[in-house]
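Each chain, written out:
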Amino acid sequence: MVHDRLEHIDMYLPMEYRSRIKDFLAQISVDMPEECLEIDGDAVYARIMSYPTKLAADCTIEAHNVYVDIQFTLTGGEGIDVFPRSELSEMTADAAKDFYTFQADMAPQISLANTPGWFTMLFPHEAHRPQESLDGKCAVVKKGVIKIKMDCFRQRKEAEK
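Okay, so let's go over this structure. (Residues numbered from 1 in each chain as written. Predicted model: local features only at pLDDT ≥ 70, side-chain atom pairs only at ≥ 80, totals over all residues. Heavy atoms only, no water.)

## Focus: the environment of Ser19
- Structurally, the position occupied by Ser19 is in helix H1 (residues 15–26).
- Looking at Ser19, the relative accessible area reads 47%, which means it is partly exposed.
- The spatial distance from the C-alpha of Ser19 to the C-alpha of Met91 is 37 Å, given a sequence separation of 72 residues. (Helix = DSSP H or I, 4+ residues; strand = E, 2+ residues; numbered from the N terminus. Buried < 20%, exposed > 50% of the residue type's maximum accessible area, 1.4 Å probe, protein only.)

What follows is the structure in C-alpha cells.
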C-alpha cells in the first residue's frame, strides 16, 4: 500500500505507463462525468464515480487479483481501511469482474483518509474498505480509481534486473 500526494505518483508507476497516467491525471477535473475511461487498453483504465460515504460497518471489504487500484479523491473525502487479505475470510468471488469481498474478521491494519491531492495505491494482497465516512460524518465523495494490471508491475521488475 502506498499513500502519498498526487504530485509524487510517478515514483510508484511502471515506467511504460507513467506518462500516459500523468497525462490522464492532468486532465482530471471535479466537473468530469462519472464514466470509465481507457488509458491504455485493458492494461490501464480509470473510473470516475461519486457516492455517499457510510459508517465502516456498512462498507464492503474488497480486493482484486488482476489489478492494482490507485484511488484518488476529487471532492469530499473518504476513509479507507487496509487489511492483510490472507488473514480475512472470503465471502464472495467474481473472477470475471476481479472483485472479491471479505468478512471483517479483524481490525484494519491501517486506516487513512483519502482527500483531494492524495492517492492510495492498493495491491492484490491488500484488502481494502473504501467509502467510509470521515469522523462519522457521511457525505458525498467524488473520486477516481485508476486500475493497472499487476503484470505491468512485474514487467517493471523484470526490466530493472
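Now that the structure has been shown, the text picks up again.
## Some points on the packing of aromatic side chains
- As enumerated under the stated definition, the model contains 3 aromatic pairs in all.
- With a centroid separation of 5.6 Å and an interplanar angle of 70 degrees, the aromatic rings of Phe123 and Phe153 are classed as edge-to-face. On the criterion of sequence distance, the pair formed by Phe123 in the loop between strand S10 (118–122) and strand S11 (126–132) and Phe153 in helix H2 (residues 150–160) is long-range, its members being 30 residues apart. Residues Phe123 and Phe153 agree in their burial class; the two are buried.
- Here Arg85 stacks its cationic end above the ring of Tyr100, 5.2 Å away from the centre of that ring. (Phe/Tyr/Trp six-rings, centres within 6.5 Å; stacked < 30°, edge-to-face > 60°. Lys NZ or Arg CZ within 6 Å of the ring centre and 35° of its normal.)

## Some points on the layout of surface pockets
- The space that makes up the largest pocket amounts to roughly 360 Å³.
- If you go around the largest pocket, you meet 19 residues; those closest to its centre are Arg47, Met49, Glu62, His64 and Phe99.
- At the level of secondary structure, the elements contributing two or more residues to the lining of the largest pocket comprise strand S3 (44–52), strand S5 (67–75), S11 and strand S12 (140–149).
- A per-element tally of the lining of the largest pocket places S3 first, with 4 residues. (1 Å grid on protein atoms, 1.4 Å probe; cavity = no way out; pocket = protein on both sides within 12 Å on 5 of 7 lines; lining within 4 Å. Points joined across faces, edges and corners; volume = space filled by probe spheres on them.)

## Looking at the pairing of S3
- Judged from the 5 bridges that link them, strand S2 (residues 35–40) and S3 form a sheet pairing that is antiparallel. Of the residues in S3, the one forming a bridge with Glu38 is Tyr45.
- Adjacent in sequence and paired antiparallel, S2 and S3 are bridged by 3 residues, among which Gly41 carries a positive phi angle near 55 degrees.
- With 9 bridges joining them, S3 and S12 adopt antiparallel strand pairing. Across the sheet, Val44 pairs through a bridge with Ile148, a residue of S12. (Pairing = 2+ DSSP bridges.)

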